[in-house]
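# A look at the structure
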Amino acid sequence: MRYVSTRGSAPDLSFDEALLAGLARDGGLYLPARWPSFTPDVIRSLAGLPYSEVVHRVLIPFVGKALSEDALRRLLTDAYAGFGHTAVAPLKQLDSRMWLLELFHGPTLAFKDCALQVLGRLFDHVLERAAQRITIVGATSGDTGSAAIEACRDREHIDIFMLYPKGRVSEVQRRQMTTVKAGNVFNIAVEGTFDDCQDLVKTLFADTAFRDDMALSAVNSINWARIAVQIAYYFAAAAALGAPNRRVAFAVPTGNFGNVYAGYAAARMGLPVEKFIVASNRNDILTRFLETGSLATAEVQPSLSPSMDIQISSNFERLLFDLYDGDAKAVAGAMAEFRKTGRLTPGNARWKKALQLFDGARADDDATLAEIARIHRETGELVDPHTAVGIAAARSKIELGALSDADTPVIALATAHPAKFPDAVERATGIRPPLPANLADLYEREERFSVLPNDLGQVRDFVRAHARCPAGRTVGAA
Ligand SMILES: *Cc1c(COP(=O)(O)O)cnc(C)c1O
């Protein structure tokens, strides 16, 4: 399997090359040159398999020669062994129509562990074989950071630098990053927004000399391998509820469009999906696109679901590539226009095409709190604010009759453990959800981080000063 850039002027890569590259050299994102397809029988056979086995079957067509089937199986078993639920991603029925797909049983209590626990191990496997070392630089609005750090900590072949917007991530999220005691982990609190952090990272990657010097790589959702691993839970959940014999719908709380794009990828591979309900908080660029056909940035507003406080959804470019029928030049042009003007209007036909599979809804903070309270009242479940945004969006669409088939089960993705956002949950229900035992002393652990201004030069110097460089050369002191 080869991977191509959405912007068409970077070289095609193999799976392991795309894994290490993250962002393409032309600023685009990597995509498989051809989609593998699963027959109805293959999809049916996934029902009830151990979770790591479903991931194995989904990944085989994507990984090519990067590792053997046996090595991949061992790696996956190991990656999911640390999860707090033996089913890894259990489905829980909420009411006659709606199901909760719990993706938060990993070490940092967010869905990002599902992919990143695999990714850290994939990196190490590939790097060890190549006797290489890499520098991971990422931007996080909260959950990616701790999940990436947990995936990379103490790995011999990786240094990790994590940029987060100072004062804009929850205390639990911050502490999950800053209390990790590992010599290869560097936390940077940037005086700016998440989009500023993401811009800094993108600009560092665009500097080819720096990028090559530091062997830069990414683990945020622009990395194709991460999307590939996430495809698995869409198949697993749908098969458990009767796919391919009946269609399902998914409600996905969305920020960078990575998670819901993985669902779209499952649909491209043959999973019969009626709709993806793209759920946003008040930072609703994607919902506005689906309502108006125009992607237009606005100021980022802080919300109760900070991991979705995003106005530039990087992975949307992967969908654009399909909306433009794989015309990479047109995508590059559209993205350049978007960069310049903050607006992108792909035209009526492409918008209609997007609406065949996607529908959008938003929930502001009041609606989020009301939803957390309602779910608790009616089902006894505590859900985190991100999950609540997804459920609220799904409910509003069901009430509007937006799903054509009245029997379609709706699977709402539960993306974080309620204890990760205890203030919001307590405000809504009066109950403060406790942290699981392995994190119980989080508030007593010592924090380590550096504060830097929103300044490219200073961030670049910091990385240069602290990273161990490729192939074991040591430059600067850690
Ligand atoms: C990252 C995150 C999201 C958004 O996921 P994307 O892939 O960026 O769309 C939603 N909820 C939680 C809890 C997250 O950590």
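Refer to the structure above for everything that follows.
Residues numbered from 1 in each chain as written. Predicted model: local features only at pLDDT ≥ 70, side-chain atom pairs only at ≥ 80, totals over all residues. Heavy atoms only, no water.

The sheet built from five strands is open, its strands ordered β8-β5-β6-β7-β15 with parallel pairing. The sheet is open, and its two edges are formed by β8 (216-217) and β15 (450-453), each paired on a single side. Where strand β7 (residues 185-191) and β15 come together, four bridges link them in parallel fashion. From the neighbouring strand, A189 faces β15, where its bridge partner is V451. Against the sheet, helix α8 (residues 194-206) contacts β5 (134-139), β6 (158-165), β7 and β8, and its axis sits at roughly 150 degrees relative to β5. Each of β5, β6, β7 and β15 is contacted by helix α19 (residues 456-466), which is oriented at about 145 degrees to β15, the strand it contacts most. (Pairing = 2+ DSSP bridges. Helix = DSSP H or I, 4+ residues; strand = E, 2+ residues; numbered from the N terminus. Contact = heavy atoms within 4.5 Å. Axes fitted to C-alpha atoms, helices over the stretch in contact; angles between N-to-C directions.)

It is worth spelling out the packing of aromatic side chains at this point. In total, this model carries 20 aromatic pairs according to the counting rule given. Aromatic ring contacts, followed pair by pair, group Y233, Y234, F250, F257, Y261, Y264, F276, F289, F316 and F358 into a single cluster. (Phe/Tyr/Trp six-rings, centres within 6.5 Å; stacked < 30°, edge-to-face > 60°.)

When a protein is soluble and globular, its nonpolar side chains tend to lie buried together. One finds F123, W224, Y234, F235, F250, L271 and F358 to be the most contacted residues of the largest nonpolar core, which totals 120 residues. Take this core: its biggest share by element is 14 residues, from helix α10 (residues 224-240). If sequence neighbours within four positions are ignored, W224 has contacts with Y3, F15, Y30, L31, P32, W35, F62, Y261 and R318. (Core = buried A, V, L, I, M, F, W, Y, C linked by side-chain atoms within 4.5 Å. Buried < 20%, exposed > 50% of the residue type's maximum accessible area, 1.4 Å probe, protein only.)

Okay, helix α18 (residues 422-429) next. Taken residue by residue, α18 has P422, A424, V425, A428 and T429 as its buried positions. Taken down its axis, α18 places every buried residue within 165 degrees of arc, on the same side. Across from the buried face of α18, at angles greater than 90 degrees, the exposed residues are D423 and R427. Tucked inside the fold, the buried residues of α18 contact α7 (171-178), α16 (365-379) and α17 (385-399). One or two positions beyond α18, positive phi appears at G430, with a value near 80 degrees. (Arc of directions from axis to C-beta.)

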